[in-house]
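A look at the structure
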Amino acid sequence: MELIFATSNKGKLREASEILGEGYRLLCPADLGITEEIPETGDTLEANSLQKARYVFEKCGRDCFADDTGLEVDALGGAPGVHSARYATDGHDFEANIDKLLAELGKHPGEPRTARFRCVVTLIHKGGTHTFEGKVEGRIATERRGNEGFGYDSVFIPDELDGSTFGEVHEGKNLISHRGRSLRALARWLKENG
Ligand code: ITT
């Protein structure tokens, strides 16, 4: 099945292809000639996920899905949350975002470093809108570890691993990740309803 993934994030696209497997061929907006930045102006992951899916659907008229993900850190009152991509700068500067996250957490010594990734996927299918959510609980490391993955992976230690960060896991992130969970729910839904 061919599906459009309304993302410009190559890390997400790679993971989604792995999670959904051989039965799916994923196209990204650039494959359809959509090269501008897709607007993301909502206050919640749900709103942004819907906005991105709708934007691409309205441009190409084809079934598609979008993923909006946030890293919610308890000691920071849930920040960076919906602002995770633009936490430190206006661009998508992973390194600056991690530097800021570690610096902000440094201002809360002794507080738990608990956090979660939450991923909201919106699918537009035959004109209907369907939402799938996945999350993974963990904590923020005191320094970067590992080069696998992307974004905040080098500082996120999921509870379900042995203390490694996602950045240190060569294979297996998708089995327990926020994105693995939400996209497997999407695939189940498509199997039953597609
Ligand atoms: P699109 O909107 O084009 O899909 P984006 O990178 O803007 O891409 P988000 O707003 O959902 O996507 O991402 C929020 C931030 O969280 C961004 O900096 C991502 O790199 C980061 N992020 C998302 N998923 C992640 C994951 O699985 N591991 C680590 N960081 C992640």
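One structure accompanies this document, and this report is about it. (Residues numbered from 1 in each chain as written. Predicted model: local features only at pLDDT ≥ 70, side-chain atom pairs only at ≥ 80, totals over all residues. Heavy atoms only, no water.)

Considerations on helix 1 (residues 10-20)
Taken together, the buried positions of helix 1 are occupied by Gly11, Lys12, Glu15, Ala16, Ile19 and Leu20. Summarising the axial view, the buried residues of helix 1 lie within an arc of 145°, below the 170-degree limit, and thus occupy one face. The inward-facing, buried residues of helix 1 contact strand 1 (2-5), strand 2 (25-27), helix 2 (45-60), strand 3 (64-73), helix 4 (173-176) and helix 5 (178-193). Capping the start of helix 1 is the job of one residue whose side-chain oxygen sits 2.9 Å from the backbone nitrogen of Gly11: Asn9. Among the residues trailing helix 1, Gly21 stands out with phi positive, at a value near 80°. (Buried < 20%, exposed > 50% of the residue type's maximum accessible area, 1.4 Å probe, protein only. Helix = DSSP H or I, 4+ residues; strand = E, 2+ residues; numbered from the N terminus. Arc of directions from axis to C-beta. Contact = heavy atoms within 4.5 Å. Polar contact = N/O pair within 3.5 Å; in protein donor to acceptor, adjacent residues only side chain to side chain.)

So, the state of the cysteines
A complete count under the given rule lists 0 disulfides for this structure. Here Cys28 is not cross-linked by a disulfide; its sulfur's nearest cysteine counterpart is in Cys60, at 12 Å. By relative accessible area, which is 16% here, Cys28 ends up buried. (Disulfide = S-S within 2.5 Å.)

Focus on the site of the ligand
Near the ligand there are 21 residues, and of these Thr7, Lys12, Lys52, Asp153 and His178 occur at the shortest range. The protein chains hide 97% of the 610 Å² of surface that the ligand would expose on its own. Applying the majority rule of atoms within 2 Å of the grid points places the ligand in the largest pocket. For the shell around the ligand, the secondary structure elements donating two or more residues are strand 3 and helix 5. Counting residues per element, the shell around the ligand draws most heavily on strand 3, which supplies 3 residues. Split by residue class, the shell around the ligand holds 5 nonpolar, 8 polar and 8 charged. (Near = heavy atom within 4 Å. Areas by Shrake-Rupley, 256 points an atom, 1.4 Å probe, with all protein chains shown as cover. 1 Å grid on protein atoms, 1.4 Å probe; cavity = no way out; pocket = protein on both sides within 12 Å on 5 of 7 lines; lining within 4 Å. Sits in = over half its atoms within 2 Å of the grid points. Nonpolar A, V, L, I, M, F, W, Y, C, P; charged D, E, K, R; others polar.)

A word on the packing of helix 1 against helix 5
Running from N to C, helix 1 and helix 5 cross one another at 50°; their axes reach a closest spacing of 10 Å. With respect to each other, helix 1 and helix 5 are oriented oblique. Here helix 1 runs over helix 5; the crossing is right-handed. Residues Lys12, Glu15, Ala16, Ile19 and Leu20 of helix 1 lie in contact with helix 5, whose contacting residues are Arg179, Gly180, Leu183, Arg184, Leu186 and Ala187. Split into classes, the residues belonging to the contact of helix 1 with helix 5 amount to 6 nonpolar, 1 polar and 4 charged. (Axes fitted to C-alpha atoms, helices over the stretch in contact; angles between N-to-C directions. Parallel < 35°, antiparallel > 145°, perpendicular 65-115°, else oblique. Left-handed = near helix turned anticlockwise from the far one by under 90°.)

Without other data, these values stay purely geometric and don't point to any function.
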